[in-house]
Amino acid sequence: MAKPRKSIKHLGLSFGAEDIFLIELEHTIGKFRIVKTISFELDFPFNYETIKDKKAPRKIGNALLKAIKENNISTKEIAISLDLSHVVIIQVPVDANLKEKEIEDQVTWELSQYINSPVNLYNYDYHKNSISTKKNIIQLVIVGTRKSIIEFLVETVSYAGLQLNLVDVDIFAALNAFKTNYNIAPKGKICLLYTSDA
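To keep things clear, this report deals only with the structure shown in the data block. Once a new chain begins, its residue numbering starts again from 1 and follows that chain's sequence as written. Where local features are concerned, this predicted model is filtered to residues with pLDDT of at least 70; where side-chain atom pairs are given and counted, the filter is 80 or more; whole-chain, interface and lining totals use all residues. Where side-chain values are given, they derive from all heavy atoms of the structure, hydrogens and water being excluded.

1. Some thoughts on the pairing of strand β1 (residues 8-15)
Point 1. Pairing between strands is defined by DSSP: at least two bridges between them are needed. In this text, helices come from DSSP runs of H or I with a minimum length of four residues, and strands from runs of E with a minimum of two, each type numbered from the N-terminal end. In terms of strand pairing, β1 meets strand β2 (residues 19-28) through eight bridges, oriented antiparallel. In the sheet register, G12 faces β2, and the bridge partner there is I23.
Point 2. Remark: three residues form the turn of the hairpin made by β1 and β2, two consecutive strands paired antiparallel.
Point 3. When β1 meets strand β4 (residues 77-82), the two strands line up parallel, connected through four bridges. Its bridge partner lying in β4, S14 is registered against S81.

2. Some words on the side chain of H86
Point 1. With respect to the helices and strands, the residue H86 is situated in the loop between β4 and β5 (88-95).
Point 2. The buried label goes to any residue with under 20% of its type's maximum accessible area, the exposed label to any with over 50%, and the partly exposed label to all in between, with areas taken from a 1.4 Å probe on protein chains only. Relative accessible area serves as the criterion here: at 14%, H86 is assigned to the buried category.
Point 3. Sequence-distant contacts of H86, defined by excluding residues within four places in its chain, comprise F46, N47, I51, T145 and I149. Contacts were defined at the residue level, with two residues in contact if any of their heavy atoms lie within 4.5 Å.

3. Notes on the sheet that holds β1
Sheets are built from strands that pair by backbone hydrogen bonding, the pairs being arranged parallel or antiparallel.
Point 1. Ordered by their spatial adjacency, five strands build an open sheet running β3-β2-β1-β4-β8, and the pairing between neighbours is mixed. The open sheet has two free edges, formed respectively by β3 (31-41) and β8 (163-169), since each of these has just one partner strand. Taken pair by pair, the neighbouring strands of this sheet meet at an average axis angle of 25°, ignoring direction.
Point 2. This element, helix α5 (residues 170-181), spans β1, β3, β4 and β8 of the sheet and lies at about 95° to β8. Here, axes are lines fitted to C-alpha atoms. For helices the fit covers the stretch in contact, and angles between N-to-C directions go from 0 to 180 degrees.

4. Brief notes about the packing of helix α2 (residues 56-70) against helix α4 (residues 147-158)
Point 1. Running from N to C, α2 and α4 point in directions that differ by 45°, and their axes come no closer than 7 Å. In terms of orientation, α2 and α4 fall into the oblique class. The two elements α2 and α4 meet at a crossing, and its hand is right-handed. Listed contacts from α4 to A56, P57, I60, G61 and L64 of α2 are F152, E155, T156 and V157.
Point 2. Amino acids outside the nonpolar list (Ala, Val, Leu, Ile, Met, Phe, Trp, Tyr, Cys, Pro) and the charged list (Asp, Glu, Lys, Arg) are all regarded as polar, and Gly is one of them. Looking at the contact of α2 with α4 residue by residue, the classes come out as six nonpolar, two polar and one charged. For classification purposes, angles smaller than 35 degrees are called roughly parallel, those larger than 145 roughly antiparallel, those between 65 and 115 roughly perpendicular, and all remaining angles oblique. Handedness of each helix crossing follows the sense of rotation of the near helix against the far helix: counterclockwise by less than a right angle gives left-handed, clockwise gives right-handed.

Structure follows, in structure tokens:
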């Protein structure tokens with residue numbers, strides 16, 4: 001007799017201009033199922049001025065905790081997806097023969113040319129995209145956000161009794177969800193349309 005497949009629940013959160021969107025997913029082997037979708041309004045816009053407000057994490061965290069209790073959500077870890085307005089995304093071509101340390105140095109330099117603040121105030125990472133029209137050239141996608149934003153998110157969810165385990169970007173989260181849930185090997189191109197409140 002086959003053992004029943006164990007399901008794992010995941011909690012995700014995304015900030016709109018003045019709304020919070022919360023989703024609970026159930027994951028069994030190879031399948032994701034939406035369990036609950038919740039949205040509620042904030043009394044103030046979610047922008048960088050809010051992120052600098054020391055009272056905001058507790059206010060948002062308490063509102064989040066209330067929504068979690070009212071909807072009987074037991075998951076204690078949460079992933080948050082940021083809107084494009086809160087991140088920096090750069091795509092640059094680099095020599096495919098560069099060593100990893102050289103790529104890291106290139107990433108740091110590229111980011112420093114793009115932002116007005118010191119690079120050490122940012123959390124950032126990069127992804128190698130092998131697709132290129134030129135030989136021996138790869139495209140790097142560099143994504144960064146201010147450390148103060150990450151610290152704000154960690155503090156906010158802690159007031160709701162949650163632990164932050166992942167920060168993503170809305171557009172990439174949508175792409176990853178599509179690739180995970182749809183086993184499609186297209187001959188042509190597929191377009192995912194992204195719209196923002198900004």
